[in-house]
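Chain by chain, the residues:
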Amino acid sequence: MEDQDKILSEVTQREYKYGFVTDIETDIIEKGLNEDVIRLISAKKEEPEFMLNFRLEAYRKWLKMKMPNWAYLKVPPIDFQAISYYAAPKKKAQYESLDEVDPELLETFNKLGIPLEEQKHLAGVAVDAVIDSVSVKTTFKETLAEKGIIFCSFSEAVKEHPELVKKYLGQAVPVADNYFAALNSAVFSDGSFCYIPKGVRCPMELSTYFRINAANTGQFERTLIVADDDSYVSYLEGCTAPMRDENQLHAAVVEIIALDRAEVKYSTVQNWYPGDKNGKGGIYNFVTKRGVCRGVSSKISWTQVETGSAITWKYPSCILMGDNSVGEFNSVAVTNNHQQADTGSKMIHIGKNTKSTIVSKGISAGKSDNSYRGLVKILPGAKNSRNFSQCDSLLLNDTCGAHTFPYIEVGNKSSVVEHEATTSKIGEDQIFYCNQRGIDTETAIGMIVNGYAKEVLNKLPMEFAVEAQKLLQISLEGSVG
Amino acid sequence: MLSIKDLYVSIEGMEILKGINLEVKPGEIHAIMGPNGSGKSTLASVLAGKEEYEVTSGEVLFEGENLLEKAPEERAKEGLFLSFQYPVEIPGVPMVNFLKSAVNEHRKYKGEKELTAGEFLKLMREKMDMVDMHPNLTNRSVNEGFSGGEKKKNEIFQMALLEPKLAILDETDSGLDIDALKTVANGVNALRSPERSAIVVTHYQRLLDYIVPDYVHILYKGKIVKTAGKELALELEEKGYDWIKTENAN
Ligand SMILES: Nc1ncnc2c1ncn2[C@@H]1O[C@H](COP(=O)(O)OP(=O)(O)O)[C@@H](O)[C@H]1O
Ligand SMILES: [Mg+2]
């Protein structure tokens, strides 16, 4: 298992070093951040004025803000002037065929059961025209168009549907919501936009896979999902394959708006490069994800499986404005080696009879730190509201840490909040029991951890769930011994 | 089949087994009896490869090979099965998945084709009938919420699925009513063959009415103090463990 672990870190490490040869054709602007840079970004993207104003407002507010330091994280100083804030997303394929790709990376892909075509896509191999999934994409686009569903890149949405963008951008995450959201609002390059019209049930999982250039996720990604009255959509972000990026800092924003009786399911698998065994390198992931249940009886659920990144700072939240609206947060967060994660959720109850559920399963291994941080706030007007929170921590050894920081504010007497928390260590006896039946330790840990996380994994769409299970196992390889 | 020579075992610096010698030939059933704390479970655990026990000296050969240098899962796949005195619960892991993995790991090791889900279910149903397992149990998580008796039956059920060469039953009879006891005995007897052996650790003579041993050993304070035929169990039942204790007082 030492070997496996080595392979994984080596794979990620190597790809990290060699995989991102700067493409001379990429359009990159100089490092640094000031108003001119923001104007330049907006100009290059040919944005309407409201977008520029949005960016400038965010930037001006950001300048007055400080990086948050309340999380249970040790964040090295970040030099925001050393980042280039614009690179046109037209990366060329780096390899001609899979033969040129690091065989160990391919092995990881195989372990995850990722189909060959997708492997090429992810590894940055030129995809042959004949076997390209263009036809899949076309059928996909046609089906969506028939229903009136808009699913495109954010830039495209700004051009094609400015009225929708203008109406909903910043509604869930205001420009100056927090330091990283403000930065994102000022400089974001691209992302996804999705609009489900009234009464439409999106017939398929919307996956970022199907968007061109989705593999080159930007450093400052912006996603906006709007579900109109009586609509439904399930949205999948990320992928289980190890993702690397030359950018160390990632600060994405995801906004969801659910109108009357609309339902949005948002599932994420985050597997960014976590750094090597000694804690060197790795992505810093500072994400703001928030959904607003604006309409009555609307529902937003976040399901996340977090295994990557050196630092994760992430609290997918729901603002339950509409009466009878429902918010859910289901999370599995794995940290190994020197990874640090401070993640959880906020449930803000404003409407009457609103309900929220938080299920958080932390798994820590190596020398990592894994914290759950959650806020449940029931406003005085949110009569008869309910929250149930379950926060479990599983430790794989004695060198890792698990922490729970629940904050609860209940503003009226008719509401009920329940919070349960457990911390346990993976049982040597359980592993031995599996061993005695012929199952090796690595597989046993995978089984036990998956059993522990089952409640959350069950919430993932099928195709994602199977990969996520394998991913959990792979991320913990070599972590008990 | 199994040959234990002068085995000394310690845990946390405390010597528990003090020179065990035991020879189990193919087809034989050996009963090991003895008061609580004698080291019966320790012996079973050491044979199965539990890590925290330290073998300070001695040797164990299983089918002529050094057992002690093998990983627990390898021992299992070589055909050594332990029915645990206290089977653990593994929440969230469905019995079916667990058992299918176990069976297929054994098959892979033997170079046999892995069973498909359908084939496995068929095999499972067959064995389930044999040990009178309630079908509902296999839909649950491993041992989770099983009663004491159900856990023990589940051990025998797994034994039936894995068909070991050497089965070690650690007090599988404790806490069972007479019907369950018979079921357990039937499970063991069904596996009986000239090639297979079993070590039956028990506290009571009762089980040995149904699983008739070739030898009975009495383990006391980490040593085998008496070995005889099946009549020894009856004698022990009659005279009680005090008999052993006074005989071995020093
Ligand atoms: N994990 C352990 N840690 C410390 N002492 C142990 C452990 N396992 C067994 N022992 C001790 O070893 C002795 C033998 O125990 P055991 O093998 O369980 O006996 P038996 O199964 O015959 O009742 C007892 O004194 C017991 O307390
Ligand atoms: Mg015992």
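Residues numbered from 1 in each chain as written. Chains lettered and ligands numbered in written order. Predicted model: local features only at pLDDT ≥ 70, side-chain atom pairs only at ≥ 80, totals over all residues. Heavy atoms only, no water.

**Q** What's the story with the overall build of chain A in this structure? I'm lost.
**A** Check the secondary structure of chain A and you find 12 helices and 19 strands. Relative to its full complement of 481 residues, chain A shows a buried share of 59%. A separation threshold of at least 6 residues defines the contact pool for chain A, and within that pool the share at least 24 residues apart is 85%. Looking at chain A as shown, the accessible area adds up to about 19,300 Å², and 51% of this sits on carbon and sulfur atoms. (Helix = DSSP H or I, 4+ residues; strand = E, 2+ residues; numbered from the N terminus. Buried < 20%, exposed > 50% of the residue type's maximum accessible area, 1.4 Å probe, protein only. Contact = heavy atoms within 4.5 Å. Areas by Shrake-Rupley, 256 points an atom, 1.4 Å probe, with all protein chains shown as cover.)

**Q** Mind showing me how you'd approach the side chain of S360 of chain A here?
**A** Topologically, S360 of chain A is positioned in strand β15 (residues 355-364). Other than its neighbours up to four places away in sequence, S360 of chain A contacts S331, Y372, Q390, C391 and D392 of chain A.

**Q** Would you explain the coordination of the magnesium ion (ligand 2) in this entry?
**A** Around a metal, the idealised angle for a tetrahedral arrangement of four donor atoms is 109.5 degrees; for an octahedral arrangement of six donor atoms it is 90 or 180 degrees. Summarising the metal site, the magnesium ion (ligand 2) is bound by the protein donors S41 of chain B (OG) and Q85 of chain B (OE1), whose distances to it range over 2.0 to 2.2 Å. Placement of the pair is S41 of chain B in helix α1 (residues 40-48) and Q85 of chain B in the loop between β6 (80-83) and β7 (90-94), with a sequence separation of 44 residues. (Donors = N, O, S within 2.8 Å, 3.2 Å for Na, K, Ca; no water.)

**Q** Looking at this structure, I do not really get helix α9 (residues 179-187) of chain A. What am I missing?
**A** Since the α-helix advances by 3.6 residues per turn, residues separated by three or four positions end up pointing in the same direction. Summarising burial for α9 of chain A: 9 of the 9 residues are buried, a large majority. If you check which residues of α9 of chain A are buried, you get Y179, F180, A181, A182, L183, N184, S185, A186 and V187 of chain A.

**Q** Would you mind going over the site of ligand 1 with me for this structure?
**A** Residue and element names in this part refer to chain B. Lining the immediate environment of ligand 1, one finds I11, M14, I16, P35, N36, G37, S38, G39, K40, S41, T42 and Y53. A distance of 2.8 Å is found between an oxygen atom of ligand 1 and a backbone nitrogen or oxygen belonging to K40. One of the side-chain nitrogen or oxygen atoms of T42 is found 2.5 Å away from an oxygen atom of ligand 1. In the complex, 66% of the free accessible area of ligand 1, which totals 560 Å², lies under the protein chains. Mapped onto the shell around ligand 1, the elements with two or more residues apiece are β2 (14-24) and α1. Top element by residues in the shell around ligand 1 is α1. It accounts for 3 residues. Among the residues making up the shell around ligand 1, the classes are represented as 5 nonpolar, 6 polar and 1 charged. (Near = heavy atom within 4 Å. Polar contact = N/O pair within 3.5 Å; in protein donor to acceptor, adjacent residues only side chain to side chain. Nonpolar A, V, L, I, M, F, W, Y, C, P; charged D, E, K, R; others polar.)

**Q** Even after reading the chapter, I still don't get helix α10 (residues 428-436) of chain A, so can you show me in this structure?
**A** Residue and element names in this part refer to chain A. Among the 9 residues in α10, 7 count as buried, and that is most of the element. Turning to α10, its buried residues number three or more, namely Q430, I431, F432, Y433, C434, N435 and Q436. The positive-phi residue at the C-terminal boundary of α10 is G438, with phi of around 95°.

**Q** What am I meant to see in unusual backbone geometry here?
**A** Apart from glycine, the bulk of residues carry a negative phi angle, and the bulk of peptide bonds sit in the trans form. All names here are of chain A. Despite not being glycine, N337 shows a phi value in the positive range, around 50°. Within the fold, N337 resides in the loop between β13 (326-335) and β14 (340-349). Using a relative accessible area of 18% as the deciding quantity, one classes N337 as buried.

**Q** Looking at this model, I keep getting lost on the sheet that holds β2 of chain B. Mind explaining?
**A** In sheet architecture, strand pairing relies on hydrogen bonds along the backbone and comes in two forms, parallel and antiparallel. Residues and elements named next belong to chain B. Reading across from one edge, β2-β1-β4-β5 is the order of the 4 strands in this open sheet, with antiparallel pairing throughout. With one partner strand each, in any of the chains shown, β2 and β5 (65-66) form the two edges of the open sheet. Bridge analysis of strand β1 (residues 2-11) against strand β4 (residues 54-62) gives 7 bridges, and the strand direction is antiparallel. Paired with S3 across the strands is L61, a residue of β4. Against the sheet, α1 engages β1, β2 and β4, with an angle of about 110° to β1. (Pairing = 2+ DSSP bridges. Axes fitted to C-alpha atoms, helices over the stretch in contact; angles between N-to-C directions.)

**Q** Honestly, the environment of T354 of chain A in this entry has me stumped. Any pointers?
**A** Residues and elements named next belong to chain A. For T354, the location among the structural elements is in the loop between β14 and β15. Relative accessible area serves as the criterion here: at 0%, T354 is assigned to the buried category. With 27 residues separating them in the primary sequence, T354 and G327 have C-alpha atoms 8.1 Å apart. Within the local environment of T354, its side chain forms a polar contact with the side chain of H349, the two groups lying 2.9 Å apart. Here G351 takes part through its backbone oxygen, which lies 3.0 Å from a polar atom of the side chain of T354.

**Q** Is there a simple way to think about the environment of P48 of chain A in this case?
**A** Residue and element names in this part refer to chain A. Relative to the helices and strands, P48 resides in the loop between α2 (35-44) and α3 (49-63). A relative accessible area of 29% means that P48 is categorised as partly exposed. Distance in space between the C-alpha atoms of P48 and V332 is 40 Å, their sequence separation being 284 residues.

**Q** Before we go on, may I ask you to explain the sheet that holds strand β12 (residues 223-228) of chain B in this structure?
**A** Residues and elements named next belong to chain B. Spatial ordering of the open sheet is given by β6-β9-β10-β3-β11-β12, a layout of 6 strands whose pairing is mixed. With partners counted over all chains shown, the strands left at the sheet margins are β6 and β12, one partner each. Between one strand and the next, the sheet's axes are offset by a mean angle of 20°, whatever the strand orientation. Alignment of strand β3 (residues 29-33) against strand β11 (residues 215-220), held across 4 bridges, turns out to be parallel. Its bridge partner lying in β11, H30 is registered against Y215.

**Q** Teacher, can you tell me more about the pairing of strand β16 (residues 369-378) of chain A here?
**A** Side-chain positions along a regular strand alternate between the two faces of the sheet. Residues and elements named next belong to chain A. Across the 10 residues of β16, 8 count as buried, placing the element largely inside the fold. Here 10 bridges tie β14 to β16, and the two strands are oriented parallel to one another. Its bridge partner being in β16, Q340 is matched across the sheet by D369. Here 10 bridges tie β16 to strand β18 (residues 401-410), and the two strands are oriented parallel to one another. From the neighbouring strand, K377 faces β18, where its bridge partner is E409.

**Q** When you look at the interface of chain B and chain A in this model, what are you seeing that I'm missing?
**A** Put simply, an interface is often sized by how much accessible area is lost when its parts join up. Taken together, the contact pairs 31 residues of chain B with 17 residues of chain A. For the pair chain B and chain A, the two sides together bury roughly 2,000 Å², of which 65% comes from carbon and sulfur. At the boundary of chain B with chain A, the tally comes to 2 salt bridges. As a salt-bridge pair, R437 of chain A and E155 of chain B come within 2.5 Å of each other at their nearest N and O atoms. Applying the counting criterion to the chain B and chain A interface returns 10 residue pairs in polar contact (both at pLDDT 80 or more). Elements supplying a minimum of two residues to the side of chain B that touches chain A: α1, α2 (72-78), β6, β7, α3 (95-109) and α5 (148-162) of chain B. Here the side of chain B that touches chain A takes 6 residues from α3 of chain B, the largest share from any one element. A per-class count over the side of chain B that touches chain A returns 17 nonpolar, 8 polar and 6 charged. (Buried area = accessible area lost by both parts, 1.4 Å probe. Salt bridge = Lys/Arg side-chain N within 4 Å of Asp/Glu carboxyl O.)

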